[in-house]
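Report on the structure
Each chain, written out:
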Amino acid sequence: MLKRVLQISVLLLTLFGSLRLYYNKEVGKVIDNYNGVNIYFNNIPFTSKGDSFGADGYYYGKKYQGVEFVKRYYDHQFQHRFSTDIEKGRDFYDFNIKDGEINGVLELIQYSNPSVYSVKEGDILVFKPSLLKPNGGVAIVSKVGNNELELVQQNCWKKSRDIISLENRENKWYITDEGVIGRLSKNN
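Only a predicted model underlies this, so the values are computations on that prediction, with no experimental measurement involved.

1. A look at the packing of aromatic side chains
This structure, assessed with the given rule, holds 12 aromatic pairs. Between the aromatic rings of tyrosine 73 and phenylalanine 78, the centroid separation amounts to 6.2 Å while the plane-to-plane angle is 80°, which identifies the pairing as edge-to-face. The class for tyrosine 73 is buried, based on a relative accessible area of 1%. Judged by relative accessible area, which is 25%, phenylalanine 78 ranks as partly exposed.

2. A word on the sheet that holds strand β12 (residues 180-185)
Spatial strand order, β5-β6-β12-β7-β8-β9-β10-β11: 8 strands in an open sheet with antiparallel pairing. Each of the sheet's edge strands pairs with one partner strand only, and the pair in question is β5 (101-103) and β11 (172-175). Shown here is a sheet whose adjacent strand axes are inclined to one another by a mean of 40°, direction ignored. Here 3 bridges tie β5 to strand β6 (residues 108-112), and the two strands are oriented antiparallel to one another.

3. Considerations on the pairing of strand β8 (residues 137-144)
Of all the 8 residues making up β8, 6 are buried; the element is thus mostly covered by neighbouring parts of the structure. Taken together, the 4 bridges between β8 and strand β9 (residues 148-152) define a ladder with antiparallel strand orientation. Across the sheet, lysine 143 pairs through a bridge with glutamate 150, a residue of β9.

4. Section: the environment of phenylalanine 53
Within the secondary structure layout, phenylalanine 53 lies in strand β3 (residues 51-53). The exposure class assigned to phenylalanine 53 is partly exposed, which follows from its relative accessible area of 47%. Measuring from C-alpha to C-alpha, the distance between phenylalanine 53 and glutamate 68 comes to 9.2 Å, with 15 residues separating the pair along the chain. Each residue touching phenylalanine 53, except ones within four places of it in the same chain, is listed here: Tyr58, Tyr59 and Tyr60.

5. Side note on the side chain of glutamate 68
Mapped onto the elements of the fold, glutamate 68 is located in helix α2 (residues 66-78). Side chain to side chain, glutamate 68 and arginine 72 meet in a polar contact 2.8 Å long. Within the structure, glutamate 68 has its side chain in polar contact with the side chain of glutamine 154 (distance 2.7 Å). When residues no more than four places from it in sequence are discounted, the contact partners of glutamate 68 are Ser52, Tyr60, Gly61, Lys62 and Gln154.

Reading guide: rules and limits
- Residues numbered from 1 in each chain as written.
- Predicted model: local features only at pLDDT ≥ 70, side-chain atom pairs only at ≥ 80, totals over all residues.
- Heavy atoms only, no water.
- Phe/Tyr/Trp six-rings, centres within 6.5 Å; stacked < 30°, edge-to-face > 60°.
- Buried < 20%, exposed > 50% of the residue type's maximum accessible area, 1.4 Å probe, protein only.
- Pairing = 2+ DSSP bridges.
- Helix = DSSP H or I, 4+ residues; strand = E, 2+ residues; numbered from the N terminus.
- Axes fitted to C-alpha atoms, helices over the stretch in contact; angles between N-to-C directions.
- Contact = heavy atoms within 4.5 Å.
- Polar contact = N/O pair within 3.5 Å; in protein donor to acceptor, adjacent residues only side chain to side chain.

In structure tokens form, the structure reads like this:
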């Protein structure tokens, strides 16, 4: 039995290594674009490839992480720069701030999930840490419909867009993905 487990482990490691070598050729390749901001392919197992800076030296984050895309997007789209060098998705959300209040560190309005305030295009979704994303995650809301929203993100393999259900119950907006802890917005 132990021999069989070792054989399977070696096979999986070989497969994983082959995939990593294959996809290393694509790291940094543009896989999508949202409002003129490129979304880049990362790698297995979602590693960083150095630091990313704006033309004037403003630090976006580690290439090609989700936080780097969100900071780059907010800089290009809203001319909003974060006053802190936040690098982990989980650090975008402050549990001490109430729904609809200003997150003074990020200079954005913070909303809980659920929220009495509706979701808007351009909001930053904040995901709690998980097994695959121990630092949490962030994404941008790219479309809002009556019962769903589309998000755009970086560092989620080759899938830069996803659809999440949205429900309005008892005058509150619920983003039904249990990983979403809240969101941030430039405007109320």
